[in-house]
Amino acid sequence: MVADTIQSTVGRRSAAPVPAAVARARAEQRVLLVLFFASGFAGLVYQVCWLRQLGLLLGSTAYAASTTLVIFFSGLALGSWWWGRRAAALLRPLRAYAGLEVGIALASLSYFALLGAYHSIYGSLFNRLFGSPVAFLAAKALLAMTMLLPAAVLMGGTLPVIGQYLVRRNDETATTATLLYGVNTAGAACGALAAGFLLPAAIGYRGAYATAMTLNVVVALVAWSLDRGKAPVSSSEQSASPAATGQAAVGDADVSLRASCVLALLSGFATLCLQVLWTKMFAQVLHNSVYSFAAILVVFLVSLALGSAIAHRLCRGGGEPRRVLVALLSLAGVAVAAVPFVFHGVTGGLYYVAAEARWWAYVATVFGTVAVVLMPAVVLMGTVFPYTWKTAESRGLGPGETIGTLVAINTLGSILGAGLAGFVLLPTFGLWASVKTMGLLYLAAAAVLAQRGEVSFAWRVAPIAATFLFATVLDPAGLRLVRTDASKNEIIYETWEGAHGVVAVVRRGEHLRTKVDNYYSLGGTAAATYERTQADLPLIVHGAPQSVFFLGLGSGITAGAAVAHPLEKIVVAELIPEVVEASRRYFHKYTNGLFDDARVRVVAEDGRNYLSGMDETYDVVVADLFIPWKSGAGSLYTVEHFTTVRDRLNEGGLFAQWLPLYQLSKDEFFVIARTMLEVFPQVTLWRGDFNPGRPIAALVGHQQAGPLDVEALVQGFRRRKGAAGADRQSALATTALFYAGNVTADRDRYAEHIINTDDWPVIEFSAPITQREVRGKAGSWFVDRQLETYYAELARVAPPRGDPYLAELDDDEIGFVEGGRHLFAAKVFQRLEDADRSAEHMAAYAARMPDYMVAGADQNDHPPAADSLDEL
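Residues numbered from 1 in each chain as written. Predicted model: local features only at pLDDT ≥ 70, side-chain atom pairs only at ≥ 80, totals over all residues. Heavy atoms only, no water.

**Student:** Looking at this structure, how should I read the overall build of the protein chain?
**Tutor:** In terms of regular secondary structure, the protein chain is built from 25 helices and 12 strands. Taking 29 Å as the expected radius of gyration for a compact globule of 872 residues, we find that the protein chain reaches 31 Å, a close match to that expectation. Here the protein chain, with 872 residues, has 60% of them falling under the buried criterion. A separation of at least 24 residues holds for 79% of the contacts in the protein chain among residues at least 6 apart in sequence. Accessible surface, the protein chain: about 31,500 Å² in total, of which carbon and sulfur atoms supply 59%. (Helix = DSSP H or I, 4+ residues; strand = E, 2+ residues; numbered from the N terminus. Rg over C-alpha atoms; globule rule 2.2 N^0.38 Å. Buried < 20%, exposed > 50% of the residue type's maximum accessible area, 1.4 Å probe, protein only. Contact = heavy atoms within 4.5 Å. Areas by Shrake-Rupley, 256 points an atom, 1.4 Å probe, with all protein chains shown as cover.)

**Student:** It is not clear to me how the state of the cysteines should be interpreted in this structure. Could you clarify?
**Tutor:** Defined simply, a disulfide is a covalent bond joining two cysteines at their sulfur atoms. Applying the stated criterion across every chain, the model contains zero disulfides. Not part of a disulfide, Cys190 finds its nearest cysteine sulfur in Cys49, a span of 16 Å. Taking the relative accessible area as the measure of exposure, Cys190 reaches 34% and is therefore partly exposed. (Disulfide = S-S within 2.5 Å.)

**Student:** Hey, could you run me through the packing of helix 9 (residues 321–346) against helix 10 (residues 359–392) in this one?
**Tutor:** Packed helices, taken two at a time, are described by their axes: the angle between them and the distance between them. One can describe the packing of helix 9 onto helix 10 by two numbers: an axis separation of 9 Å at closest approach and a directional angle of 160°. As judged from the angle between their axes, helix 9 and helix 10 are roughly antiparallel. Of the two possible hands of crossing, helix 9 and helix 10 adopt the one that is left-handed. In terms of residue class, the contact of helix 9 with helix 10 is made up of 21 nonpolar, three polar and one charged. (Axes fitted to C-alpha atoms, helices over the stretch in contact; angles between N-to-C directions. Parallel < 35°, antiparallel > 145°, perpendicular 65-115°, else oblique. Left-handed = near helix turned anticlockwise from the far one by under 90°. Nonpolar A, V, L, I, M, F, W, Y, C, P; charged D, E, K, R; others polar.)

**Student:** I keep staring at the sheet that holds strand 7 (residues 600–604) and nothing clicks. Help me out?
**Tutor:** Strands in a sheet are paired, the pairing made by backbone hydrogen bonds, and the direction either parallel or antiparallel. Sheet architecture is open: eight strands sit in the order 7-6-5-8-9-11-10-12, paired in mixed fashion. Here the strands that pair on one side only, and so sit at the sheet edges, are strand 7 and strand 12 (739–742). Neighbouring strand axes in the sheet, compared pairwise and without regard to direction, differ in orientation by 15° on average. As defined by bridge partners, strand 5 (residues 547–551) adjoins strand 6 (residues 569–574) across five bridges and the pair is classed as parallel. (Pairing = 2+ DSSP bridges.)

**Student:** Help me out: how do you make sense of the packing of aromatic side chains in this one?
**Tutor:** The geometry of an aromatic ring pair is captured by two quantities: the separation of the ring centres and the angle between the planes. Per the stated rule, a full pass over the model turns up 48 aromatic pairs. For the pair Phe197 and Tyr291, a centre-to-centre distance of 5.2 Å together with 45° between the ring planes defines the contact as tilted. Here the residue Phe197 occupies a position in helix 6 (residues 173–227), and Tyr291 occupies one in helix 8 (residues 290–316), the gap between them amounting to 94 residues. Both rings, one in Trp686 and one in Tyr805, keep their centres 6.5 Å apart while their planes meet at 90°; by these two values the pair is edge-to-face. A residue pair is termed long-range when its members are at least 10 positions apart, and Trp686 in strand 10 (residues 682–687) and Tyr805 in the loop between helix 23 (784–797) and helix 24 (811–831) qualify at 119 residues. Accessibility classification places Trp686 together with Tyr805 in one group, the buried group. The ring of Tyr662 is capped by Arg694, whose NZ or CZ atom sits 4.2 Å from the centre of that ring. Its end group placed over the ring of Tyr362, Arg772 keeps NZ or CZ at 4.3 Å from the ring centre. (Phe/Tyr/Trp six-rings, centres within 6.5 Å; stacked < 30°, edge-to-face > 60°. Lys NZ or Arg CZ within 6 Å of the ring centre and 35° of its normal.)

**Student:** Help me understand the confidence of the model for the protein chain in this model?
**Tutor:** Looking at the protein chain, pLDDT values average 89 and 94% of them are 70 or higher. Below a pLDDT of 50 lies the segment residues 239–253, which in the model reaches 19 contacts outside its immediate sequence neighbourhood of four places, other chains included. Considering only residues more than four positions removed or in separate chains, one finds that residues 865–872, a stretch of pLDDT under 50, has 20 contacts. (pLDDT = per-residue confidence, 0-100.)

**Student:** Explain the nonpolar core here, please?
**Tutor:** One recurring pattern in soluble globular proteins is that nonpolar side chains are buried together. Grouped together as the largest cluster of nonpolar side chains are 264 residues, with contacts concentrated most on Trp278, Met281, Phe282, Tyr442, Leu685, Leu699 and Tyr790. Those residues in contact with Tyr790 that sit more than four places away from it in its chain are Phe669, Phe670, Leu685, Val743, Arg749, Tyr750 and Phe782. Val505, Leu512, Ile576 and Val579 belong to the second largest nonpolar core, which has 12 residues in total. (Core = buried A, V, L, I, M, F, W, Y, C linked by side-chain atoms within 4.5 Å.)

**Student:** Would you mind showing me how to read the sheet that holds strand 4 (residues 520–524) here?
**Tutor:** Pairing is antiparallel in the open sheet, where four strands are placed in the order 1-2-3-4. One side of each edge strand has no neighbouring strand; the edge strands of this open sheet are strand 1 (490–498) and strand 4. Pairwise comparison of adjacent strand axes, ignoring direction, gives a mean angle of 20° for this sheet. The sheet contact formed by strand 3 (residues 511–516) and strand 4 spans three bridges and is antiparallel. Opposite Lys515, over in strand 4, you have Ser521 as the bridge partner. With respect to the sheet, helix 16 (residues 577–586) is in contact with strand 1, strand 2 (501–508), strand 3 and strand 4, its orientation differing from that of strand 1 by roughly 145°.

**Student:** Is there a simple way to think about the side chain of His641 in this case?
**Tutor:** Structurally, the position occupied by His641 is in helix 18 (residues 639–647). Leave out the neighbours within four places in its chain, and His641 touches Leu551, Arg608, Leu611, Ser635 and Leu636.

**Student:** How do you make sense of a nonpolar patch on the surface when you look at a structure like this?
**Tutor:** On the surface, Leu265, Leu412, Leu416, Leu420 and Val424 cluster together into a nonpolar patch covering about 380 Å² of accessible area. In terms of residue count, helix 11 (residues 399–429) provides more of the nonpolar patch than any other element does, four residues in total. Here Leu412 is to be found in helix 11. Of the residues examined, Leu412 reaches a relative accessible area of 45% and is grouped as partly exposed. (Patch = residues over 30% accessible without salt bridge, like charges linked within 9 Å, V, L, I, M, F, W, Y side chains within 5 Å. Salt bridge = Lys/Arg side-chain N within 4 Å of Asp/Glu carboxyl O.)

**Student:** How do you make sense of the pairing of strand 8 (residues 618–623) when you look at a structure like this?
**Tutor:** For a regular strand, the rule is simple: side chains alternate between the two faces of the sheet. For strand 8, the tally of buried residues reaches six of six residues, placing the bulk of the element in the interior. Summarising the sheet, strand 5 and strand 8 pair through four bridges and their orientation is parallel. Paired with Phe550 across the two strands is Val622, which belongs to strand 8. Taken together, the five bridges between strand 8 and strand 9 (residues 649–660) define a ladder with parallel strand orientation. In the strand pairing of strand 9, Val620 is matched with Leu654.

**Student:** Is there a simple way to think about helix 13 (residues 457–471) in this case?
**Tutor:** Since one α-helical turn is 3.6 residues long, residues separated by three or four positions face the same way. Compared with the 21 Å implied by 1.5 Å per residue over 15 residues, the 22 Å span of helix 13 between its first and last C-alpha is a close match. Along helix 13, the residues that are buried comprise Pro463, Ala466 and Phe470. Those residues of helix 13 hidden inside the fold are in contact with helix 9 and helix 12 (431–450). (Expected span 1.5 Å × (residues − 1).)

**Student:** Honestly, the side chain of Asp746 in this entry has me stumped. Any pointers?
**Tutor:** Within the fold, Asp746 resides in the loop between strand 12 and helix 22 (762–775). Reaching out from Asp746, the side chain makes a polar contact with the side chain of Arg749 at a distance of 2.4 Å. (Polar contact = N/O pair within 3.5 Å; in protein donor to acceptor, adjacent residues only side chain to side chain.)

**Student:** Would you take a moment to explain the packing of helix 18 against helix 19 (residues 666–679) for this structure?
**Tutor:** For the pair helix 18 and helix 19, the least separation of the axes is 9 Å and the interaxial angle reads 45°. Here helix 18 lies oblique to helix 19, going by the angle between them. The two elements helix 18 and helix 19 meet at a crossing, and its hand is right-handed. Here Val639, Phe642, Thr643 and Arg646 of helix 18 come into contact with helix 19, specifically with Ile672, Thr675, Met676, Glu678 and Val679. Broken down by class, the residue content of the contact of helix 18 with helix 19 amounts to five nonpolar, two polar and two charged.

**Student:** Even after reading the chapter, I still don't get helix 6, so can you show me in this structure?
**Tutor:** Here helix 6 spans only 21 Å end to end across 55 residues, well under the 81 Å set by a 1.5 Å rise per residue. A maximum bend of about 120° is found in helix 6 at Ile203. (Bend = angle between axes of the 7 residues up to and from the residue.)

Structure follows, in structure tokens:
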């Protein structure tokens, strides 16, 4: 229709248009559509980068993310409204559009300067306002506003301004706007694909940001060049609307402008609500990496673009708007309410999608699954809002104002949807009831609209009948949200639904564990020995800690182990509030009174953000086992985060970053080690267990380089509750065998690996691929023989008897370190069914260790300890 619009415009300016003029008009139309596609692409790249960077500054909590999103959408709404009202007065709308694109690039460039300035003042704001959540959230909103609002306001103006240029008759507004909106949304889908799968992984977030700015500038230059040599377009050239000339407006007695605005608001609200809800829904069956979320967003945007294309065709047809809208709303309501059932059917009742597939097969399956489940509903939803331009185009407003006003109202609805979905609907009603409510909202709108106009009896009854059906017979409340394994006697104790996901406490046999989003275990009582070691080991190695900070709570067993040490301050930060509640209710007897101890402060906050904001310092910082491929986890392995941790350590302090080696490749482990070596003057490696198939280890960053203080270690061992009578041999034998080597002494091994940074978080993008390749049996974790070989090489380059870190140990005590390596090797060869080599290493272990640590060592993943440490 844009081509028809341009052709009719040419016809008005020249009584006998020549074919060359028509060809030029059509060529210009194609160029403008390409430009608007590129503008949508850049806009989504910006949005992804902004959410990422502001998440690092303001924290990765759901409230901070929602605040950023609300600010961004507010800018779009304000820009659409403001520029829409002024579009008719623009003499050169194409030049104005070019100016908007340049302005977006400049405003985005200033974002970098503001970000640096805000990093310098954020700590002060955090310390002053952290105890006042409302004031602190307002301060975060103000920071986000000054960074995002200028660019967002300019982005919001692009559609009404370019629409004003292309439309010369009001009754062409809808056909032109729907085409532009669809093309721009398709560009946004491609931008989401590039920002999620390609650009940051290849060139970093700054590179992705620069790509978007370059696109804006190119779009502006081309648009400006198209306007060269053209006469200004006066408002008198705008054809009057039928209403202004006394003609009956299309649908004048059909759908009012007020009804169009209400539908635009409802569409924005429901669309963003459902995007949030369905993302949480798919989190139950996907591996929840940056790629998974990008795939959902891409399918969502492609579906909205298809919906706009359908609306474009409907606007060109001759159907009565009220009847069309009643049909669209009814079909959308049914499709939305049916999604929970379709989802359960496609996933086989919450089974992990493509569990054994390799990377690209997994990606293809995810895209296909999301498309099958969501695309019908989202396409129908995506048709409703663009079609409201049809019902509003002949109401006496200019095309730019019509487009801008409805976009602004639709975006306001999106703001409400984004906020209410995570913080009201999910906690109050739950996922399935919330999705059903959105479906019923569409059906209610259809029913109301059908009763107020000439609509067939069938379409009057259809939305009411569908409402009754989904409220009674097809109620999704009976669908489960947490999958249990009956063969393992799993029982759900309690489930919480919140903005961060679905948290459940599950009993399996005799043991409890906490799960997030079905497939992510945060620990439990079955692994209590190992979880306590994650606290005990760094605290004992330090020797005399007075304070400790735990980044992550999980079950609470690790932090609870610290209660047994004579500490003055224990701070625990946990991102998910429901996880704190789960630990408090169900793990109380396993956490040593963690929640009742006056020395303990448990905060529901992004741990990285808390460390960077608060000016408190600690003797020991313990970072939990994070799932490396989960979205956001990569930021906990970056040089910026490690630098913050180092700056929060007291003199002689330690930072223990625990790593699940059974979820990392060797290269990924080396990247993390290389990154820590960049920050800490000394890095050592400690085993957390002797399980060759699922090993954990801690990279320990030392605030100061120097040898292990053996006397302090022995005292630290004795300081632990129940270990006061331990002798030096018990303390060192129980502790030193966990020592794996001096990473700093072997630093050349890691030099060729990339440093993981906030700008280029390689772990975040590589770990999900590794996970799929391993599941598809085409890759391997850093376990078994591979890890045993690494330990042996580390001992060869920095042998324990020549390791400067072990300088204060005597020969027998060095033997404890060597014994630990032999014990792990024995376990590896036992697992590989190489009995001779396993026995050889077990004999070497036995020759170096006290008798009480030998018996049964070949049967346990945690070696026997002194009587005083039976509690371990």
